[in-house]
Amino acid sequence: MSVSGKPPYDPGNIFARILRGEIPCKKVSEDEHALAFHDIAPQAPVHVLVIPKGPYVSAADFHAEAPAEAITGFWRAVGRIARELGLEEHGYRLLSNMGEYAGQEVGHFHVHLFGGRRLGRMVPQPRE
Ligand code: 5GP
């Protein structure tokens with residue numbers, strides 16, 4: 001079930017619950033701006049989700065509303081985590097779904113970090 005990617009933010013979403021420690025995650029890294037953890041259903045040898053600590057529904061909401069320091073801190077964390085996972089040598093992909101057409105499922109902004117193999121086409125083509 002997709003979400004719209006637009007506010008209001010639902011504090012009951014699954015990533016908000018992970019941030020509050022109410023449900024567990026396989027943590028990769030945490031600092032003041034970002035939490036990174038392994039996706040529960042990985043689609044590549046490395047599939048990590050990176051989320052900001054603030055209550056933003058999507059990429060649209062985060063980039064419009066977050067303070068500049070939070071945005072800079074978040075993206076620096078994404079780069080650092082990719083580097084620490086050893087993904088820079090062969091490369092990696094960042095992806096963020098916003099809203100229905102992208103199939104966003106969780107209403108807390110997140111970036112998928114994929115790596116560990118050749119990742120194929122950027123956007124799968126619809127079947128004829
Ligand atoms: P979206 O479609 O919103 O961009 O991606 C949501 C991602 O969250 C999916 O890749 C899904 O596998 C992952 N996910 C959903 N629930 C959980 C959970 O409880 N724990 C973890 N680690 N990942 C989750």
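Preceding block: the structure.
Residues numbered from 1 in each chain as written. Predicted model: local features only at pLDDT ≥ 70, side-chain atom pairs only at ≥ 80, totals over all residues. Heavy atoms only, no water.

(A) Focus on the pattern of salt bridges. On inspection of all chains with the given rule, the structure shows seven salt bridges. Glu22 serves as the salt-bridge partner of Arg17, at 3.4 Å between the closest nitrogen and oxygen. Here Arg17 falls in the partly exposed class, since its relative accessible area comes to 32%. The exposure class assigned to Glu22 is partly exposed, which follows from its relative accessible area of 45%. Asp31 is paired through a salt bridge with Arg80; the nearest N and O atoms lie 3.1 Å apart. Linking Asp31 in the loop between β1 (27-30) and β2 (34-38) with Arg80 in helix α3 (residues 68-84), this pair joins segments that are 49 residues apart in sequence. Among the ionic contacts, a cluster of salt bridges with common partners joins Arg17, Arg20 and Glu22. (Salt bridge = Lys/Arg side-chain N within 4 Å of Asp/Glu carboxyl O. Buried < 20%, exposed > 50% of the residue type's maximum accessible area, 1.4 Å probe, protein only. Helix = DSSP H or I, 4+ residues; strand = E, 2+ residues; numbered from the N terminus.)

(B) Spotlight on the pairing of strand β3 (residues 46-52). The buried count for β3 comes to seven of seven residues, which makes it a mostly enclosed element. The two faces of β3 match: Val46, Val48, Val50 and Pro52 on one face and His47, Leu49 and Ile51 on the other face are all buried. Pairing analysis gives five bridges linking β2 to β3, with the strands arranged antiparallel. Each residue of the ladder has a partner; that of Phe37, found in β3, is Leu49. (Pairing = 2+ DSSP bridges.)

(C) Molecular detail of the environment of Glu30. Mapped onto the fold, Glu30 is located in strand β1. By relative accessible area, Glu30 is classed as partly exposed at 41%. Among residues more than four places away in sequence, those in contact with Glu30 are Leu35 and Lys53. Polar side-chain contacts of Glu30 include one of 2.5 Å to the side chain of Lys27. Polar side-chain contacts of Glu30 include one of 2.7 Å to the side chain of Lys53. (Contact = heavy atoms within 4.5 Å. Polar contact = N/O pair within 3.5 Å; in protein donor to acceptor, adjacent residues only side chain to side chain.)

(D) Expanded view of the sheet that holds β3. Strand order in the open sheet formed by five strands is β1-β2-β3-β5-β4, and the pairing between neighbours is antiparallel. In the strand order of this sheet, the two ends are held by β1 and β4 (93-95), each with one partner. Each strand of the sheet is rotated relative to its neighbour by a mean of 20°, with strand direction disregarded. By the bridge criterion, three bridges tie β4 to strand β5 (residues 111-115) in an arrangement that is antiparallel. By the bridge assignment for β5, Leu95 is matched with His112. (Axes fitted to C-alpha atoms, helices over the stretch in contact; angles between N-to-C directions.)

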